[in-house]
Amino acid sequence: MGKVRINNMLVYTYNGVMGEEKVLGQKLELDIELTLPMEEAGKTDNLHKTISYADVYTDVKAYLEQNSFDLIEAVTYHVLDLLGEKYGELLTHALVRVRKYHVPIPGFFDNVEVEMERDY
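Here the structure is a predicted model, which is why all the values come from computation and not from measurement.

Calculation criteria
Residues numbered from 1 in each chain as written. Predicted model: local features only at pLDDT ≥ 70, side-chain atom pairs only at ≥ 80, totals over all residues. Heavy atoms only, no water. Helix = DSSP H or I, 4+ residues; strand = E, 2+ residues; numbered from the N terminus. Buried < 20%, exposed > 50% of the residue type's maximum accessible area, 1.4 Å probe, protein only. Contact = heavy atoms within 4.5 Å. Pairing = 2+ DSSP bridges. Axes fitted to C-alpha atoms, helices over the stretch in contact; angles between N-to-C directions. Polar contact = N/O pair within 3.5 Å; in protein donor to acceptor, adjacent residues only side chain to side chain. Phe/Tyr/Trp six-rings, centres within 6.5 Å; stacked < 30°, edge-to-face > 60°. Lys NZ or Arg CZ within 6 Å of the ring centre and 35° of its normal.

(A) Region of interest: the environment of Leu83. By the element assignment, Leu83 lies in helix α4 (residues 72-87). Note on Leu83: relative accessible area 0%, which makes it buried. Along the chain, Leu83 and Val56 lie 27 residues apart, while their C-alpha atoms are 7.7 Å from each other. Sequence-distant contacts of Leu83, that is, excluding residues within four places in its chain, are made with Ile32, Leu34, Val56, Val60, Gly88, Leu91, Ala94, Val96 and Tyr120.

(B) Here's a closer look at the sheet that holds strand β1 (residues 2-13). Judged by pairing direction, the sheet is antiparallel, and its 4 strands sit side by side in the order β1-β2-β3-β4 without closing on themselves. Edge positions in the sheet fall to β1 and β4 (112-119), since each of these pairs with one other strand and no more. Averaged over all adjacent pairs, the angle separating strand axes in this sheet is 15 degrees, with direction ignored. Here strand β3 (residues 93-100) pairs with β4 via 8 bridges, running antiparallel. Within β4, the position partnered with Val96 by the bridge is Met116.

(C) Spatial organisation of the side chain of Asp59. One can find Asp59 in helix α3 (residues 53-66). Engagement of the side chain of Asp59 in a polar contact is seen with the side chain of Tyr87, the distance being 2.3 Å. Sequence-distant contacts of Asp59, that is, excluding residues within four places in its chain, are made with Leu82, Lys86 and Tyr87.

(D) The arrangement of the packing of aromatic side chains in detail. For the structure on display, the rule yields 1 aromatic pair. The residue whose ring lies beneath Lys27 is Tyr101, and the NZ or CZ to ring-centre distance is 5.3 Å. Residue placement shows Arg118 over the ring face of Tyr77; its charged tip is 4.7 Å from the ring centre.

(E) Here's a closer look at the pairing of β3. Here β3 lies mainly inside the structure; 7 of its 8 residues are buried. As defined by bridge partners, strand β2 (residues 26-36) adjoins β3 across 8 bridges and the pair is classed as antiparallel. Bridge pairing in β3 links Leu34 to Ala94.

Okay, here's the thing in structure tokens:
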């Protein structure tokens, strides 16, 4: 087994509960960790024996740019669904973290984050 990680992926989205979040939009930051068998890819140097992180990036970015959610919990959940649908034949486990920086609540903090993981 091995892991493919995409760290600090930025996507500009129109997610949020507040109306202005859906109008003005904001960036979300994601970490995606995929667990899968990698021995064959390592041995053969064959891209078809692994999951292309370039494809994962493109698929997740396109999905989040085309869909809007109120909660980052929903963003995280649906990204896990997408990963299972697209890469389930190789994927054994995935972990997704979604960070939101511009949260419309009073206080001082860097961001809020939701983390979910799933076995496939």
